[in-house]
Amino acid sequence: MTDTPRTLAEELRTRTDSGLTGLLRARPDLLNPVPGDVTQLATRAGTRASVVRAVERLNRFTLQTAEALAVAPDPCPYETLGALMAGDAGDAAVTAELPGAVAELRAQALVWGPDDRLRLVRTARELLTPSATHPSPTGLGPSVAEATAGMSPGRLQDILAAAGLPATHDPVTAVAALTALFCDRTRMAALLDTAPAESAAVLDKLVWGPPYGGVTDRPAGHLQWLLDRGLLMPAGTRHVVLPREAALHLRGGRAHRAPEPVPPALSPVTERDPRLVDGAAASQAFTALATVEELLKEWDLGGPAVLRAGGLSVRDLKRTATALDTTEQLAAFWLELAYAAGLVASDGEADERYAATPAAEDWLQLPDQERWARLVAGWLSATRTPGLVGTADTKGRALAALGPHLDRSAAPEVRRRALALLGTLPPGTSVPPAALLARLRWERPLRGASTAPAGTGTPSGAAPHTPPASPVPPADDLRSRLAQWALAEAELLGVTGRGALAAHGRALVAENTPPVAAVPTPTEIRATATRAAALLAPLLPEPLDHVLLQADLTAVAPGPLLRPLAEALGVLADIESKGGATVYRFTPASVRRALDTGRSAAELQEFLATHSRTPVPQPLAYLIDDVARKHGQLRIGAAAAYVRCDDDALLAEILADRRAAALRLRRLAPTVLAAQTSADQLLDGLRAMGYAPAAESAEGDVLIARADSYRTPPRTAPAPVPDGPPAPDPALLDAAVRAIRAGDLAATAERKPHHAAAPGPGALPRTTSAETLATVQAAVLTGSALWIGYVNADGAASQRVIAPVRVEGGFVTAYDHTSDEVRTYPLHRITGVAELADGAV
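Here is a short report on the structure shown in this document. (Residues numbered from 1 in each chain as written. Predicted model: local features only at pLDDT ≥ 70, side-chain atom pairs only at ≥ 80, totals over all residues. Heavy atoms only, no water.)

### Quick notes on the overall build of the chain
Assigned secondary structure in the chain consists of 33 helices and 25 strands. In summary, the chain has a C-alpha radius of gyration of 38 Å against a globular reference of 28 Å for 841 residues, an excess of more than 25%. Principal-axis analysis of the C-alpha atoms gives the chain an extent of 120 × 90 × 55 Å. Within the span of the chain, comprising 841 residues, buried residues form 48% of the whole. Partitioning the intrachain contacts of the chain with sequence separation of at least 6 by distance along the chain shows that 67% fall at a separation of at least 24. Accessible surface, the chain as shown: approximately 39,100 Å² in total, 56% of it carbon and sulfur. Here the chain holds 82 positive side-chain charges and 92 negative ones, and the gap between their average locations is 3 Å. (Helix = DSSP H or I, 4+ residues; strand = E, 2+ residues; numbered from the N terminus. Rg over C-alpha atoms; globule rule 2.2 N^0.38 Å. Buried < 20%, exposed > 50% of the residue type's maximum accessible area, 1.4 Å probe, protein only. Contact = heavy atoms within 4.5 Å. Areas by Shrake-Rupley, 256 points an atom, 1.4 Å probe, with all protein chains shown as cover. Lys, Arg positive; Asp, Glu negative; His and termini not counted. Charge placed at Lys NZ, Arg CZ, Asp CG, Glu CD.)

Take a look at the structure:
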């Protein structure tokens, strides 16, 4: 092997084990399955899918370096690359950061070769090299040689003459002479000094790309001047292109208009007292818990129906938003948050609908900080994106909350990275979202960015004026929208407060600060959320065991209530307003609801007296006694349905009421009315008329209603959609590197000469059964290693290097250098053997 690698495989073969480990860690898709040797690794690293994935994960400057290599000569000396990046005038920041960018490209096997012969892998060059249908992100067009391909020799000589160059004897030297002119700064400047002003204006429009423009059948004089001298080359019947070398001269040698060697600064900063930030975040965290709890309560008796295509209807989303007193978009977020935490799901019945899950019951019993940790852990790992609710999918259909097609695999990474960037700021410090988005776009310029090429046609033969060709994605690209949603959701969950990361929020991202952090496992996320919850716990308000009853039939809770008290009061009264203090209002309907649960008037009076710091007001006591006196006078049962009451005058009153006509009642007995509607409809109808009926069982007992009577079967939270293969653990990386090294040894180890014809590269050795047995037995006696060809039971062929230990019963037991273990091989599956040269192992 020569000192200079001739292929990517040869360079990978010279890397250390740590170098191969770094490559496999950065590009985990290369591990599935584990390559058999270095040649397979290099081949897989050059496939289009793998290269596209690797290029998408480059930061802005490293990507700009790869783009410059794509328009540079192949191979490209480092000095030439430096000139393309820094320009003729030089750029100290570019010069300082360029070695790191080249090293990153090398580490990811996108660039190989020594500094004097840098080569971009072929697939990456094909992706980034400019063409008529695929403009380069640099805005550069084809080279002179590419633009003149197919041009007649006479036309080339005419261009040379117009440019003031001597004639040549063949097209190759003519192209070389024109290229040399365009690359010579002095001669090129002298040529452009003679150009008409209109010609210079055309070049100014094309110089930063796209380099293509339209012309008419009879170009204007200033365009003809450029065409005659090769400063514009034909690119079709009505289009022209600015050659790459000419554009580089006009740019001062720079491949990019604005190289970005360093990431944008996170500024301007706003500093606040960290205690205020933590307090604001804790208050919002408590509000988040209350909102999810209210959602579960709203769906206690079963939620809305599931659409046939999956998800929640627009009408049901609006109803949920009204119940939560929020907007539809925020309601979608709370729904998806509860869904990601496994608290709500569909019940799977024939008439499928949503409801709380059994896990919601356990969640409601947890301390506040642990409940918050469950929500945050689900949010951090969720790939479902509530911000997409209401937008259209690829077929123009609106995406529904809790429905399909909401998964975006990049969402968890964007959330973690956005929080990690906030974590790099001092406590209590925030920056505008625009600054954060600019940093995220620099770190991953191609992730989620639109790469649609710009149009090239122009009217009247005028070349187009276009924005810079540097790949800056629009502000509404998917990754930017994911980041904006992540920041808003972090504020809603209390991870941030007033735009700054709270102390408990920092615990969520302390281990994920690097831009290319390993994706944490669900167990790691839960552990991190638990640590954050421990920091949040002291900041949450202590629950109270009392309320303040008032004479206007309201009760004021001056803070969060203990859960049993809040649940009981939520049945006895309706929440009128929320905030620092919650106001409950007692109404006949709310009191009746409490009586329906089986409590008596005396028990309700005692409950209020026990938990109120003020005496029970007389109007409230009268309200409870009045509703209790009427409650249960009417009894509803199933016949189709019937009404039973000991007071026949009351039944006569109901029959005479016109509002009861829809119930189709008739008297069966002095104390019984029959109805043609169901018991539930009859209950609702009489309650709407102002009565307080109670449902009864077939035995005549009053049915007690429970608010939490409906739950789905056990459900698991939705599994996130992975963003590519999982990050390999150290044990897998170590085993993969050893397997690749061993396979490479088997494929490249030097063999001793054999009387049989040597197999070609990659071919299995071939020997007769007798020769195989004799060679293996001899190797057992001498302790030498052998190169064998082996076909397993599935018919897969491989090459291996083994050290035989014993041969018996048609099997050879040997130490396999390829798999680094002792194995037994059937002799009939060995296609052939060959001795290794001395020192080969």
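Next comes the rest of the account.
### Some thoughts on the pairing of strand 19 (residues 672–675)
Of the two faces of strand 19, the one lined by Val-672 and Ala-674 and the one lined by Leu-673 and Ala-675 are each fully buried. Here three bridges tie strand 18 (residues 666–669) to strand 19, and the two strands are oriented antiparallel to one another. Residue Arg-666 lies in a different strand from strand 19, and its bridge partner there is Ala-674. (Pairing = 2+ DSSP bridges.)

### Description of the pattern of salt bridges
Oppositely charged side chains are able to pair whenever their charged atoms sit close together. Under the counting rule described, the total for this entry stands at 30 salt bridges. The partner of Asp-74 in a salt bridge is Arg-125, with the nearest N and O atoms 3.8 Å apart. Note that Asp-74 is positioned in the loop between helix 5 (60–70) and helix 6 (78–86) and Arg-125 in helix 8 (residues 122–128), a separation of 51 residues in sequence. A salt bridge links Arg-384 to Glu-336; the nearest nitrogen and oxygen atoms lie 2.7 Å apart. With a gap of 48 residues between them, Arg-384 in the loop between helix 20 (368–381) and helix 21 (411–423) and Glu-336 in helix 18 (residues 328–340) connect regions that are remote in the sequence. For the pair formed by Arg-384 and Glu-336, the shared burial category is buried. (Salt bridge = Lys/Arg side-chain N within 4 Å of Asp/Glu carboxyl O.)

### Points about a negative patch on the surface
Judged by side-chain charge, Asp-646, Asp-647, Asp-648 and Glu-653 come together as a negatively charged surface patch. With respect to the element layout, Asp-648 can be found in helix 30 (residues 648–656). (Patch = residues over 30% accessible without salt bridge, like charges linked within 9 Å, V, L, I, M, F, W, Y side chains within 5 Å.)

### Quick look at the environment of Ser-143
The residue Ser-143 is located in the loop between helix 8 and helix 9 (144–147) in this model. On the accessibility criterion, Ser-143 (11% relative accessible area) is buried. Remark: the alpha-carbon pair of Ser-143 and Arg-27, spanning 116 residues in sequence, is separated by 32 Å. If near-sequence neighbours (up to four positions away) are discounted, Ser-143 is found in contact with Arg-244 and Glu-245.

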